[in-house]
Amino acid sequence: MNPFQKNESKQTSFSPVCTEEAPARPPSPPEKPPPKICGSSYPVSIAFIVVNEFCERFSYYGMKAVLTLYFLYFLHWNEDTSTSVYHAFSSLCYFTPILGAAIADSWLGKFKTIIYLSLVYVLGHVFKSLGAIPILGGKMLHTILSLVGLSLIALGTGGIKPCVAAFGGDQFEEKHAEERTRYFSVFYLSINAGSLISTFITPMLRGDVQCFGEDCYALAFGVPGLLMIIALAVFAMGSKMYRKPPPEGNIVSQVIKCIWFAISNRFKNRSGDIPKRQHWLDWAAEEYPKQLIMDVKALTRVLFLYIPLPMFWALLDQQGSRWTLQATRMNGNLGFFVLQPDQMQVLNPFLVLIFIPLFDLVIYRLISKCGINFSSLRKMAVGMILACLAFAVAAVIEIKINEMTQPQPGSQEVFLQVLNLAEDDVHVTVLGDKNNSLLMESIKPFQKTTHYSKLHLNTKSQDFHFHLKYHNLSVYSKISVEEKNCYSLIIHENGKTISSMMVKDITNTTANGMTAIRFINTLHKDVNISLDTDISLTVGEEYGVSAYRTVPRGEYPAVHCKIEDKDFFLDLGLLDPGTAYLFVIKNVTGQGFEVWKTEDFPTNKLSIAWQLPQYALVTAAEVMFSVTGLEFSYSQAPSSMKSVLQAAWLLTVAIGNIIVLVVAQFSGLVQWAEFVLFSCLLLVVCSIFSIMAYYYIPIKSEDIHGLGEKQIPQSEGNLINLETKSTKL
């Protein structure tokens, strides 16, 4: 159906360039009605489309849930680069729908566009999964495969985004409009269901399954890829049942051409001798129909309100980047369940399903009964304010995390802890290169240290002189240290005297939910330790020290160990996520082999549950802003402009992600300050939007229909005057 066709006109259609009558077409044979579901008015074909959408959304959100941690811990990018690439990918996913709509409307039609771009989508998942296999090439190959895969996924998911929902609507006959409305409800329910399930499952596949001795990103990307293959197969299975309307032309390109012609024509006729026109779009009257011009005028009124919107999306889309990175520095142990950092994103779709009926059926009705005119634009403004509050809460949480996190040694500083593995007290004195005393303390046997001692250096590297007193013995040693490092001085008996050795500790805790452990072997023979089917290590005899190994958090009540031909088991107890442990293996007379446990770096005690308030606020903001905004936009534009509005709405999301990319790369702010910056920026934008909304004059639905049923001469114009007055800002 031509979007510019007049209801009362006898013309079949007209071109935007020419208004001549089109020749009459012979009547087409009646279409065979499509098969229905169980005798209802719902076509069987929509079942394939809904299942396809569920699998595709599972594929997209499941892959995206673990993407930031993949950049951080697999490709070893820093947090700013990981955030920037994440939002560059998100932005591309919202630019490509314009390309997909153009291909579907002008060339292939919706069905073929979905099929072909789904194949591109699957290929992107294949590249992405291959880029997560550690044994396949090096970091450069992994990076190339990942970026190529993400580009193909962005083209696939964005290209089919504007086609699938509309193609489902095409399956209904006009007399079944009510069933079509219910279909869209089920369709969007499938989107949220796919998002909810995938953002919970794929982080578990990443963190709870070990591949090649580390987190299994290949599986976390491979399962969403498999779901996309299923989505494509299910969609193709219904091919013979679909109604496949031919391409009708791309309205987005027509609108762009109309606007461009009006601007260029106005520029060419800028002489003062040429009469002025009521509206700048009236300069397109020489080339385009008046009806199209009237529709574009109504469209530009709404697009004017879209200018401030990208800032909101800049905040909303950081749930998968900055907020996930914040969760990695928090304690995910909830007692009954250990939550992975990237699983916190599941709160958003879960709360959306709760908040939409809550707001519609309870909150909005209560506000209405109080006599408050809570218009759509006011809801959007309140949504912006809630997003500001969410980021203010995130900033407070970030400050609290920094206060509770173990400090790091700075320039010309080292951290030192002393571990006494002897049988009696040892008095330790540390002297600098000028014999100045830096540390004096007495250490009890197997005394657990509560913190590191900070020692200052005169240069980047320096020699420390250690004086150890044990019983009547005095032992002197000199050890070189370097700035910005943490060290452990390990003291142990050596016959009738004592010895010491310095080992370098991990400089920060593991932030990906894993646990770092290392062992000291006090036995006279090497010990082979099997932590898991894929994780084993050997610790040398006579106080040999192993390197750190990362293991999943959890209980380790019976770890298998072996000395030559003798097997025994050690109880390591509960290992908290994000903690670095030191285990000392010793042989206690009469009790056998035991292990002494201490923490090199404790886990952050701030629970990940403290992120719940900011997720609740930002989800409430999304419900008030996103759902209301799109509904309001549709109510203010002619039906022929709906697809253009959808494209413009997606563009605001893309631009919002670009804003995050720029700030992450060039702001140079600490994280809490960056959260405050975004909160303040959105508050300023909210003020501007509120002023624009105050002067906006909404059009009633009957006026919208009037635009499509009346041809108003250019010299007249109550409606033209309305556009001129309402866009005076």
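About the thresholds
Residues numbered from 1 in each chain as written. Predicted model: local features only at pLDDT ≥ 70, side-chain atom pairs only at ≥ 80, totals over all residues. Heavy atoms only, no water. Phe/Tyr/Trp six-rings, centres within 6.5 Å; stacked < 30°, edge-to-face > 60°. Helix = DSSP H or I, 4+ residues; strand = E, 2+ residues; numbered from the N terminus. Buried < 20%, exposed > 50% of the residue type's maximum accessible area, 1.4 Å probe, protein only. Lys NZ or Arg CZ within 6 Å of the ring centre and 35° of its normal. Salt bridge = Lys/Arg side-chain N within 4 Å of Asp/Glu carboxyl O. Disulfide = S-S within 2.5 Å. Contact = heavy atoms within 4.5 Å. Polar contact = N/O pair within 3.5 Å; in protein donor to acceptor, adjacent residues only side chain to side chain. Axes fitted to C-alpha atoms, helices over the stretch in contact; angles between N-to-C directions. Parallel < 35°, antiparallel > 145°, perpendicular 65-115°, else oblique. Left-handed = near helix turned anticlockwise from the far one by under 90°. Nonpolar A, V, L, I, M, F, W, Y, C, P; charged D, E, K, R; others polar. Pairing = 2+ DSSP bridges. Core = buried A, V, L, I, M, F, W, Y, C linked by side-chain atoms within 4.5 Å. Expected span 1.5 Å × (residues − 1). Bend = angle between axes of the 7 residues up to and from the residue. pLDDT = per-residue confidence, 0-100. 1 Å grid on protein atoms, 1.4 Å probe; cavity = no way out; pocket = protein on both sides within 12 Å on 5 of 7 lines; lining within 4 Å. Points joined across faces, edges and corners; volume = space filled by probe spheres on them.

Visitor: I tried to follow the packing of aromatic side chains on my own but got confused; where do I start?
Guide: Think of a pair of aromatic rings as described by two things: how far the centres are apart, and how the planes are tilted against each other in angle. Under the definition given, this model contains 40 aromatic pairs. For the pair Phe 261 and Tyr 288, a centre-to-centre distance of 6.1 Å together with 65 degrees between the ring planes defines the contact as edge-to-face. Here Phe 261, found in helix H8 (residues 251–268), pairs with Tyr 288, found in the loop between H8 and helix H9 (290–305); they are 27 residues apart in sequence, far enough to count as distant. On the basis of relative accessible area, Phe 261 is assigned to the partly exposed category, the value being 23%. Ring geometry for Tyr 694 versus Tyr 695: centroids 5.2 Å apart, planes at 85 degrees, classification edge-to-face. Accessibility expressed as a relative area gives 67% for Tyr 694, which makes it exposed. Grouped by ring-pair contacts, the aromatic residues Tyr 70, Phe 71, Phe 74, Trp 77, Tyr 217 and Phe 221 constitute a single cluster. Over the ring of Phe 111 we find Lys 244; its NZ or CZ atom is 4.0 Å from the centre of that ring. The residue whose ring lies beneath Lys 586 is Phe 446, and the NZ or CZ to ring-centre distance is 4.2 Å.

Visitor: Would you take a moment to explain the pattern of salt bridges for this structure?
Guide: Pairing is possible between side chains of opposite charge, provided their charged atoms come close. Evaluation of the coordinates by the stated rule reveals 14 salt bridges. Taking the shortest distance from any N to any O, the salt bridge between Asp 342 and Arg 206 comes out at 2.9 Å. With a gap of 136 residues between them, Asp 342 in the loop between helix H11 (322–328) and helix H12 (347–369) and Arg 206 in helix H6 (residues 177–207) connect regions that are remote in the sequence. The same class applies to Asp 342 as to Arg 206, namely buried. Here Arg 518 ties to Asp 600 by a salt bridge, and the two come within 3.1 Å at their closest N and O atoms. One end of the pair, Arg 518, is in strand E11 (residues 514–521); the other, Asp 600, is in strand E21 (residues 592–601), with 82 residues separating them in the sequence. When sorted by exposure, Arg 518 lands in the same class as Asp 600, which is buried. One salt-bridge network, in which partners are shared between bridges, spans Glu 79, Arg 329 and Glu 398.

Visitor: How should I be thinking about the state of the cysteines in this particular structure?
Guide: By definition, a disulfide links the sulfur atoms of two cysteines through a covalent bond. Tallied over the entire structure, the rule returns 1 disulfide. Disulfide pairing places Cys 211 opposite Cys 216 at an S-S distance of 1.7 Å. In this structure the cystine formed by Cys 211 and Cys 216 twists about its S-S bond by roughly -65 degrees; its chirality is therefore left-handed. With relative accessibility at 18%, the residue Cys 211 sits in the buried group.

Visitor: How do you make sense of the environment of Tyr 476 when you look at a structure like this?
Guide: Structurally, Tyr 476 is set in strand E8 (residues 473–482). Taking relative accessible area as the criterion, Tyr 476 reaches 62% and is therefore assigned exposed. Taking the C-alpha atoms as reference points, Tyr 476 and Ser 500, 24 residues apart in sequence, are found 9.6 Å from one another. Discounting residues that sit within four places of it in the chain, Tyr 476 has contacts with Phe 466 and His 467. There is a polar contact of 3.3 Å between the side chain of Tyr 476 and the side chain of His 467.

Visitor: I keep staring at the packing of helix H1 (residues 45–65) against helix H3 (residues 79–108) and nothing clicks. Help me out?
Guide: Between two packed helices, what matters for the description is the angle formed by their axes and the separation of those axes. Between H1 and H3, the least distance of the axes is 12 Å, while the angle of their chain directions is 160 degrees. Judged on the interaxial angle alone, H3 and H1 are roughly antiparallel. The element H1 and its partner H3 pack so that their crossing is left-handed. For the pair H1 and H3, the contacting residues are Tyr 60, Met 63 and Lys 64 in the first and Tyr 86, Phe 89, Ser 90 and Cys 93 in the second. For the contact of H1 with H3, the residue count by class is 5 nonpolar, 1 polar and 1 charged.

Visitor: Help me out: how do you make sense of the pairing of strand E10 (residues 497–504) in this one?
Guide: Side chains on a regular strand alternate between the two faces of the sheet. Where strand E9 (residues 485–494) lies against E10, 8 bridges are found, and the strand directions are antiparallel. The partner of Asn 494 across the bridge, within E10, is Thr 497. Following E9, the chain reverses through 2 residues before pairing antiparallel with E10; Gly 495 in that reversal takes a positive phi of roughly 70 degrees.

Visitor: I tried to follow the nonpolar core on my own but got confused; where do I start?
Guide: If you look at the biggest cluster of nonpolar residues, it comprises 129 residues, and the most contacted ones within it are Phe 71, Phe 89 and Phe 312. The leading source of residues in this core is helix H13 (residues 376–404), at 13 residues. The contacts of Phe 71, once residues within four sequence positions are left out, are His 76, Trp 77, Ser 82, Val 85, Tyr 86 and Leu 150.

Visitor: Please clarify how the sheet that holds strand E7 (residues 461–470) should be interpreted in this entry.
Guide: Sheet strands associate in pairs through backbone hydrogen bonding, adopting either a parallel or an antiparallel arrangement. Taken together, the 4 strands give an open sheet; going across it, the order is E5-E4-E7-E8, and neighbouring strands pair in antiparallel fashion. Sheet topology places strand E5 (437–443) and E8 at the edges, where each strand pairs with a single neighbour. Direction aside, neighbouring strands of the sheet carry axes that sit 20 degrees apart on average. Relative to E7, strand E4 (residues 426–431) runs antiparallel, the two being bridged by 5 bridges. Residue pairing in the sheet places Val 430 in a bridge with Phe 466 of E7.

Visitor: Looking at this structure, how should I read H6?
Guide: The terminal C-alpha atoms of H6, which comprises 31 residues, lie 46 Å apart, in line with the 45 Å expected from a rise of 1.5 Å per residue. Residue Ser 198 marks the point of greatest curvature in H6, where the axis turns by about 25 degrees.

Visitor: What's the story with the pairing of E7 in this structure? I'm lost.
Guide: Taken together, the 10 bridges between E7 and E8 define a ladder with antiparallel strand orientation. The partner of Lys 469 across the bridge, within E8, is Ser 474.

Visitor: Help me understand the confidence of the model for the protein, please; the structure alone is not making it clear to me.
Guide: Regions with low pLDDT carry predicted coordinates that are not meant to be interpreted in detail. When pLDDT is averaged along the protein, the result is 83; 89% of the residues meet or exceed 70. Overall, residues 707–729 carries pLDDT values under 50, and its contacts beyond four positions in sequence, including any with other chains, amount to 48 contacts.

Visitor: Whenever I open this one, empty space enclosed by the protein confuses me. Can you help?
Guide: To find the voids left in a structure, one rolls a probe of water-molecule size over its atoms. Following the criterion strictly, the structure yields 5 cavities of 30 Å³ or more and no others. Estimates place the volume of the second largest cavity at around 50 Å³. Taken together, Val 302, Leu 305, Tyr 306, Leu 309, Leu 377, Met 380, Gly 629, Phe 632, Ser 633, Trp 649 and Phe 689 make up the lining of the second largest cavity. Those elements that place two or more of their residues in the lining of the second largest cavity are H9, H13 and helix H14 (612–635). Looking at the lining of the second largest cavity, its residues break down into 9 nonpolar, 2 polar and no charged.

Visitor: Would you mind going over the environment of Asn 250 with me for this structure?
Guide: The residue Asn 250 is located in the loop between helix H7 (217–237) and H8 in this model. With residues up to four places along the chain from it excluded, the contact list for Asn 250 reads Ala 102, Asp 105 and Ser 106.

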